[in-house]
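Tertiary structure, described
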Amino acid sequence: MVIKKICCIGAGYVGGPTCSVMALKCPHITVTVVDKSKDRIAQWNSDKLPIYEPGLDEVVAECRGRNLFFSTDIETAIKEADLIFISVNTPTKTFGNGKGRAADLKYVEGAARMIAEMASGDKIVVEKSTVPILSNPEFLAEGTAIDDLLKADRVLIGGEDTPEGHAAVEKLCWVYEHWISRCNIITTNTWSSELSKLAANAFLAQRISSINSLSAVCEATGADISEVARAVGLDSRIGSKFLQASVGFGGSCFQKDILNLVYICECLNLPEVAAYWQQVIDMNEYQKSRFSAKVIESLFNTVSDKQITILGFAFKKDTGDTRESPAIHVATTLLDEGAKLHIYDPKVEPSQIIDDLTHLSVTEEPENVKNSVTIHSDPYAATMGTHAIILCTEWDEFVMLDYERIYKGMMKPAHIFDGRKILDHDRLIKIGFQVQTIGKRLARPLLTRMWGSPHQA
Ligand code: UDX
Ligand code: ADP
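Note that the structure is a prediction, hence the values are computed from the model and not measured. (Residues numbered from 1 in each chain as written. Chains lettered and ligands numbered in written order. Predicted model: local features only at pLDDT ≥ 70, side-chain atom pairs only at ≥ 80, totals over all residues.)

1. Concerning the overall build of the protein chain
Going by this rule: Helix and strand assignments come from DSSP, with helices taken as H or I runs of at least 4 residues and strands as E runs of at least 2, each series counted from the N terminus. Only C-alpha atoms enter the radius of gyration; for comparison, a globular chain is expected to reach 2.2 Å times N to the power 0.38, where N is the number of residues.
For the protein chain, the helix and strand inventory stands at 17 helices and 14 strands. The C-alpha atoms of the protein chain give 24 Å as radius of gyration, which agrees with the globular expectation for 457 residues (23 Å, within 12%). Along the three orthogonal principal directions, the C-alpha set of the protein chain runs to about 85 × 45 × 40 Å.

Structure (structure tokens):
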């Protein structure tokens, strides 16, 4: 069987970009992406795609209608396909056994059942999300998805150790060989493939939690986390990537995959291993809380009725995705303390911000939240008349803003909390801002009474 038609179930952050690049690189294969959501498919067929990803518009413009199609006709696409990717969402379970840790497989099962019902003849089925069919985990990062897909470090394909399994693995290799060199396509058994995906994300997140843990030590001692990260990262065995201290990591993968790993370890009766990886998540929670607490403490221990600007709501730059964004944690903490928020993000839809902040998991008073949040389409309007700016996402445009103008419009003392360490702090201090950041002491620590201390005058 030569693969002529590919169907992908799930037109989300993974399925959409992956299939667009596949269609670009395999012009003789017809790629149909299907989704049960009519709205999503309509958006993929419009000029405004449902996700923002640099380079994606161009790839879709070239392939859509040629050999790339977006459709809600799941049945026909499954029937006609030689190879089917399952790219549906696998959120962390919010109920029952494994709640808060295990992946909720209901969407995967739903997709698998549809295939079983509708398919006739031989099909190769490939799982793209993180669960065990052929396993082909995705390593793309949002914001750089197209590049990651075009120039993947490696493609990982796991399959059953049977003649049919090997034959299916070979066919999927052939698809990727249209643009990835064979030596970068790794084939393994299914468990290795799935565990490698969890491990890669766990290692990456662990680096961030490690550097974030040290950022707390830096703030307490006067060390500078950027200097430490540079010195450590220059050791070629360690490397410099993913050592950027921040308000905390977000995104749909890191937390979900580590929680999954923890759950698997517990089920395998490996509690020490589970506790080891759980700590990466705990440190991330600590970092988000620590940053939020620092904001409140610096604003004289009360933010009640204070106007506060949040710049950036996406979990990282160059995406409109807010899943697990640390901005949600910061905003929720401030809202709980009675603050009035002014939020600006260049790509996140206002309705998404409101959904995130009024979700039942973060508030019992959604109406109050709505009344306390204003969403702006311009950063200058978002900062006008506010007491403080909190930078939560490292969008390039935030570095280029006219901070003199912003300072003039703000209440005094005007505070800036740089949760991403991207701003020119010395310049901001010269302008007059009270500046705080992660992993570096900029302002004098607040006056604390130390009765009986040897330093007491
Ligand atoms: C990640 C993996 O990188 C990717 O391989 C996998 O397929 C999916 O999960 P993604 O979540 O899209 O990708 O983005 P990533 O660039 O890894 O960033 C994740 C989070 O970590 C973001 O919130 C980012 O701001 C944060 N981060 C990243 C840091 O705080 N510091 C760093 O040094 C790097
Ligand atoms: P990811 O980041 O993993 O791509 P998304 O939530 O962005 O996750 O996308 C998953 C998509 O899968 C959603 O658009 C959802 O509507 C779709 N989906 C889930 N279950 C099914 C199903 N049984 N059939 C078709 N589409 C599905």
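2. Some points on the nonpolar core
Spelled out, the test is: For the purposes of this analysis, a nonpolar core is taken to be any set of buried Ala, Val, Leu, Ile, Met, Phe, Trp, Tyr and Cys residues that are connected through C-beta atoms within 7 Å. To assign burial, the other C-beta atoms lying within 10 Å of each residue's own C-beta are counted, with C-beta atoms placed from the backbone; 20 or more indicates buried, 12 or fewer indicates exposed, and intermediate counts indicate partly exposed. A pair of residues counts as a contact when their C-beta atoms, built from backbone coordinates, are separated by no more than 7 Å.
Formed by 69 residues in total, the largest nonpolar core has its most connected members in I310 and I390. In terms of residues, this core owes the most to one element, helix α10 (residues 254-267), which gives 7 residues. If near-sequence neighbours (up to four positions away) are discounted, I390 is found in contact with V295, I308, T309, I310, V330, F417 and G419. In this structure, A23, A77, V125 and A168 belong to the second largest nonpolar core, which totals 49 residues.

3. Describing the pairing of strand β7 (residues 155-159)
Stated precisely, the cut-off is as follows: Two strands pair if DSSP finds at least two bridges between them. Place the viewer so that the strands point away; then a crossover is right-handed whenever the path from the first strand over the helix to the second strand goes clockwise.
Counting buried residues in β7 gives 5 out of 5 residues, a clear majority hidden from the surface. Alternating positions in β7 separate into two faces, V155, I157 and G159 on one and L156 and G158 on the other, with burial throughout. As paired strands, β7 and strand β8 (residues 185-189) are joined by 5 bridges and run parallel to one another. Residue pairing across strands places L156 opposite I186, the latter belonging to β8. Handedness of the β7-helix α7 (residues 163-176)-β8 crossover: right-handed.

4. Details of the site of ligand 1
Formally: We call a residue near a molecule or strand when the C-beta position, derived from backbone atoms, sits within 6 Å of it. Gly is placed with the polar residues, together with every amino acid not listed as nonpolar (Ala, Val, Leu, Ile, Met, Phe, Trp, Tyr, Cys and Pro) or charged (Asp, Glu, Lys and Arg). An automatic or database domain assignment supplies the start and end points of every domain.
Taken together, 19 residues sit near ligand 1, with Q244, S246, F249, G251 and C253 positioned nearest. Sorting elements by how many residues they give to the shell around ligand 1 places helix α8 (residues 190-221) first, with 3 residues. For the shell around ligand 1, a count of residues per class yields 11 nonpolar, 5 polar and 3 charged. Viewed by domain, the shell around ligand 1 spans two of them, domain 1 (5-180) and domain 2 (232-457), each represented by three or more residues.

5. Overview of the domain arrangement of the protein chain
Taken domain by domain, the protein chain holds domain 1 (5-180) and domain 2 (232-457). Computed over C-alpha atoms, the centres of domain 1 and domain 2 are 33 Å apart. Every contact between the two is made by 14 residues of domain 1 and, on the other side, 15 residues of domain 2. Its residues placed into classes, the side of domain 1 that touches domain 2 shows 6 nonpolar, 5 polar and 3 charged.

6. Things to note about the site of ligand 2
Residues in close proximity to ligand 2 total 21 residues, the closest being G10, G12, Y13, V14 and V88. Looking at the shell around ligand 2 element by element, the count peaks at 4 residues for helix α5 (residues 106-118). Among the residues forming the shell around ligand 2, the class breakdown is 9 nonpolar, 9 polar and 3 charged.

7. Topic: the confidence of the model for the protein chain
Heads up, the condition is: Known as pLDDT, the predictor's per-residue confidence is scaled from 0 to 100.
Residues at a pLDDT of 70 or more form 96% of the protein chain, whose mean pLDDT is 94. Within the model, pLDDT remains below 50 along residues 447-457, and this stretch shows 2 contacts once partners closer than five positions in the same chain are excluded.

8. Observations regarding the environment of H425
Within the secondary structure layout, H425 lies in helix α17 (residues 425-431). In this structure the C-alpha to C-alpha distance between H425 and T437, which are 12 residues apart in sequence, comes to 8.6 Å. Filtering out sequence-adjacent residues up to four positions away, H425 remains in contact with D418, V435, T437 and L442.

9. Details of unusual backbone geometry
In the segment running from K412 into P413, the intervening peptide bond is cis, with an omega of -5 degrees. Within the secondary structure layout, P413 lies in the loop between α16 (403-409) and β13 (415-418).

10. Observations regarding the sheet that holds β13
Put simply, the test is: In this analysis an axis means a line fitted to C-alpha atoms, helices contributing only their contacting stretch, and an angle means the value between N-to-C directions, from 0 to 180 degrees.
With parallel pairing, 6 strands are arranged side by side in an open sheet as β11-β10-β9-β12-β13-β14. Two strands in the sheet have a free side with no partner beyond their single neighbour: β11 (373-376) and β14 (434-437). Geometrically, the sheet is characterised by an average inter-axis angle of 20 degrees between neighbouring strands, direction not taken into account. Note that strand β9 (residues 307-311) and strand β10 (residues 340-344) share 5 bridges and pair parallel. When the sheet's bridge partners are listed, L311 is paired in β10 with Y344. Packed onto the sheet, helix α12 (residues 326-336) meets β9, β10 and β12 (388-391) and runs at close to 175 degrees relative to β9.

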